[in-house]
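The residues making up each chain are set out below.
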Amino acid sequence: MKSVPVGRSVAVKVPATTANLGPGFDTLGLALALYDELEFTTRAEPGATIDVRGVGVGEVPTDESSLVIRAAAHTFAHYGVQMPGLDVVAHNGIPHGRGLGSSGAAIVAGIMAAKGLLEGIVEIDAEGLLARATELEGHPDNVAPALFGGLTIAWVTPEGPKHKKLIVHRGVSPFVAVPRESVMSTALARSLQPESVPHEDAIFNVSRSALLIAALIQSPELLLAATEDKLHQSYRASAMPETDALIQVLRAHGLAAVVSGAGPSILVLGSDPAQRLVATDLVQKSATTVWDCLLLAVDFKGATVVPHSTEAVA
């Protein structure tokens, strides 16, 4: 079996993501300029050790049970290469359990690390990256923008997951409000969804999803109407009442506010940078608990991996 030489090292950087964007349930995702940055170094001793810094210290696993390591192991196994021992330093900036794609970022980090460590041994293309990530995440709407950056449309075919990356209009200005204490399980959020929805609601969301693509790449002034949704947010509102209340306040003031992913964070797709200041003021005045207001850019690059060494394969 092929193996990776001891001492090979790579640096991986993965952006946060926000999925759904209102009507684009399980389809649309956007990469945001907020990052997890990790360094992976192979070692002779089997297993893995993670030094976690930043978000998740004392909360996330620091051994082989980590989602990052499981993703790397899954990738090595798929391509028939022995998993090396790993020392990992993780500088985490993406909040956990807040609807900003932290689990997708962990999966992508592990897969990108495997890609970098396997350079010269196995070449993994974009299609392979998305397929491995979707196998672990279950759906591609978060992992696609984390991998490729920008605005992504993701769908699944019998041959595997696919994506299309689009460049967001320069006027679109993301704002994210993150509750300091409240978290939301994606599994819980999904359990609140009905198995079927009214026909007219489905038609409503098809129209808004189509409009949202136009608004994000060409006509930001349409974002308020384009982010209307009848498929998922109302069903989940009872599980995160303050999120729902703040979204109603923001939208009443003309801001395109939606639940970020499964929540409880709020995404505002501003049509100009000034709207983010209005959103900050409204959240700070209206919230009954502590929320962190983040003025973020769209990440256009997606996940990156940089090798630190170029040893020959043993």
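Residues numbered from 1 in each chain as written. Predicted model: local features only at pLDDT ≥ 70, side-chain atom pairs only at ≥ 80, totals over all residues. Heavy atoms only, no water.

Chemist: Looking at this model, I keep getting lost on the pattern of salt bridges. Mind explaining?
Modeler: Oppositely charged side chains are able to pair whenever their charged atoms sit close together. Evaluation of the coordinates by the stated rule reveals seven salt bridges. Notably, a salt bridge pairs Lys285 with Asp281, separated by 3.2 Å at the nearest N-O pair. On the criterion of helical spacing, the pair formed by Lys285 and Asp281 is a turn pair, its members being four residues apart in helix α10 (residues 274-286). Lys285 gets classed as exposed once you look at its relative accessible area, which sits at 64%. (Salt bridge = Lys/Arg side-chain N within 4 Å of Asp/Glu carboxyl O. Helix = DSSP H or I, 4+ residues; strand = E, 2+ residues; numbered from the N terminus. Buried < 20%, exposed > 50% of the residue type's maximum accessible area, 1.4 Å probe, protein only.)

Chemist: Would you mind going over the environment of Ile69 with me for this structure?
Modeler: Along the polypeptide, Ile69 turns up in helix α1 (residues 67-78). A C-alpha to C-alpha distance of 9.2 Å links Ile69 and Thr49, two positions 20 residues apart in sequence.

Chemist: How should the sheet that holds strand β9 (residues 266-270) be read in this particular structure?
Modeler: Strand pairing in a sheet relies on backbone hydrogen bonds. The paired strands run either parallel or antiparallel. As summarised here, the arrangement of the four strands in space is β8-β9-β7-β10, forming an open sheet in which the pairing is antiparallel. With one partner strand each, in any of the chains shown, β8 (257-259) and β10 (291-295) form the two edges of the open sheet. Direction aside, neighbouring strands of the sheet carry axes that sit 20° apart on average. Where strand β7 (residues 173-179) and β9 come together, five bridges link them in antiparallel fashion. Note that in β9 the partner of Val176 across the bridge is Leu267. (Pairing = 2+ DSSP bridges. Axes fitted to C-alpha atoms, helices over the stretch in contact; angles between N-to-C directions.)

Chemist: Would you explain helix α9 (residues 241-252) in this entry?
Modeler: Helical geometry: 3.6 residues make up each α-helical turn, so side chains three or four residues apart lie on a common side. In this model α9 runs 17 Å from its N-terminal to its C-terminal C-alpha over twelve residues, within 8% of the 16 Å that 1.5 Å per residue would give. Among the residues making up α9, those that are buried are Glu242, Thr243, Leu246, Ile247 and Leu250. Along α9, the residues classed as buried sweep out an arc of 135° about the axis, all on the same side. Facing away from the buried side of α9 by over 90 degrees, the exposed positions are Pro241 and Ala252. As for α9, its buried residues are in contact with α8 (233-236), β8, β9, α10 and β10. Looking one or two residues past α9, Gly254 carries a phi angle of roughly 85°, positive in sign. (Expected span 1.5 Å × (residues − 1). Arc of directions from axis to C-beta. Contact = heavy atoms within 4.5 Å.)

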